Amino acid sequence: PYGDTVVAGGYFALSVTAVGTEPLRYQWSFNGDEIPGATDRRHVLAPVQPAHAGTYTVKVNPATLPWPSGYTQTYDNLVPVTDNTGQGIVSGGGQ
């Protein structure tokens, strides 16, 4: 997602690929707060709004281990959004 631009009102998806002991559990967070119901390998934002800009984190954990003892991936300052004039509202990046 680094360097991507999304028009406000559009669609943006974050995803992670993980290998481990199945079944795997996923939990997405936004700016440090868990997103209710965001428990799949893919998290979709639609329609995208400037308020969606921020830091997204996904925790991945085998169901057989205590939560959270697995892998964590963080995407900093994601969801760069432009309005329909093409003027940037939020810049973004990832790590």
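The rules behind these values
- Residues numbered from 1 in each chain as written.
- Predicted model: local features only at pLDDT ≥ 70, side-chain atom pairs only at ≥ 80, totals over all residues.
- Heavy atoms only, no water.
- Helix = DSSP H or I, 4+ residues; strand = E, 2+ residues; numbered from the N terminus.
- Buried < 20%, exposed > 50% of the residue type's maximum accessible area, 1.4 Å probe, protein only.
- Contact = heavy atoms within 4.5 Å.
- pLDDT = per-residue confidence, 0-100.

Draft legend 1. Focus on the environment of V58. Residue placement: V58 occurs in strand β6 (residues 54-62). Residue classification places V58 among the buried positions, given a relative accessible area of 0%. Along the chain, V58 and E34 lie 24 residues apart, while their C-alpha atoms are 9.2 Å from each other. Every residue in contact with V58, bar those within four places of it in the chain, is listed here: V16, Y26, Q27, W28, Y71, T72 and Q73.

Draft legend 2. Local environment of the confidence of the model for the chain. Across the chain, the average pLDDT comes to 76, with 71% of residues at or above 70. Highest mean pLDDT in the chain belongs to strand β4 (residues 33-34) (94); lowest belongs to strand β9 (residues 88-90) (41).

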